[in-house]
Amino acid sequence: VKFSDVDSNYWAYSYIMEMVNRGVLNGYPNGKFYPDKYITRAELAKILTIASGLSITDAKDAGFSDVGDNDWFKPYVNAAANYLNGYNVFGSLMYIPQRDAIREDLAVALVKLKGYDIYGRDESILSTMFTDADSISGDAKAYIATALEKGLISGYEDDTFRGQNSITRAEASALLWRAYQYGNGNKNF
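Residues numbered from 1 in each chain as written. Predicted model: local features only at pLDDT ≥ 70, side-chain atom pairs only at ≥ 80, totals over all residues. Heavy atoms only, no water.

**A look at the side chain of Asp66**
Considering the arrangement of structural elements, one finds Asp66 in the loop between α2 (41–52) and α3 (74–79). Within polar-contact distance, the side chain of Asp66 engages the backbone nitrogen of Ile96 at 2.6 Å. Excluding residues within four positions of it along the chain, Asp66 makes contact with Asp71, Met94, Tyr95, Ile96 and Pro97. (Helix = DSSP H or I, 4+ residues; strand = E, 2+ residues; numbered from the N terminus. Polar contact = N/O pair within 3.5 Å; in protein donor to acceptor, adjacent residues only side chain to side chain. Contact = heavy atoms within 4.5 Å.)

Rendered as structure tokens:
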């Protein structure tokens, strides 16, 4: 597979090709991949479902009030619900599918999918490694610390994590590639 907007020198070329070959991500009909396009939370649910081999036919309704029966992403959100985070908006559980997925969303989901134990994790590593450790939601910190320890995610060269930044298709490819590479040690069932 070749994409007109991803040449072999692109930083995420091998990650993208691996995810395309595995059927996790696809290109567009015009022959492009759009590596810098942000993924939505709806797309994240589909990507996680496909990458992990979850069944969409056996999935129970996750109960998100903003995920309708006719939405294309509903089966994927339902299948991946245990790995996704929702939002409590005025007492209603919402998924907010059209919002961009952010770095901490994917990192948390990968830690949950891999079954890593987050309990007792030393979260001080975050403030040691990242000048913007406060960009990571409180409930996500143990997951991010685990993802760092397991090699699933890293920060940027400027010592930032950018937890609330939207994630691109290229970045998602790289993180998913890492999740495929690392074993399932320290599983918690």
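**Side note on the pattern of salt bridges**
This structure, assessed with the given rule, holds 7 salt bridges. Residue Lys37 pairs with Glu43 through a salt bridge whose shortest N-O separation is 3.5 Å. Note on Lys37: relative accessible area 33%, which makes it partly exposed. Asp105 is the partner of Arg41 in a salt bridge, and the nearest nitrogen-oxygen pair spans 3.1 Å. With Arg41 in helix α2 and Asp105 in helix α4 (residues 103–114), the pair connects residues that are 64 residues apart, well separated along the chain. A residue is classified by how much of its surface remains accessible, and Asp105, at 5% relative accessible area, is buried. Within the structure, one salt-bridge network assembled from shared partners comprises Asp61, Asp69 and Lys74. (Salt bridge = Lys/Arg side-chain N within 4 Å of Asp/Glu carboxyl O. Buried < 20%, exposed > 50% of the residue type's maximum accessible area, 1.4 Å probe, protein only.)

**Focus: α2**
Here α2 spans 16 Å end to end across 12 residues, near enough to the 16 Å set by a 1.5 Å rise per residue. Among the residues of α2, those classed as buried are Arg41, Ala42, Leu44, Ala45, Ile47, Leu48, Thr49 and Ala51. Directly beyond the C-terminal end of α2, a positive phi value near 75° is found at Gly53. (Expected span 1.5 Å × (residues − 1).)

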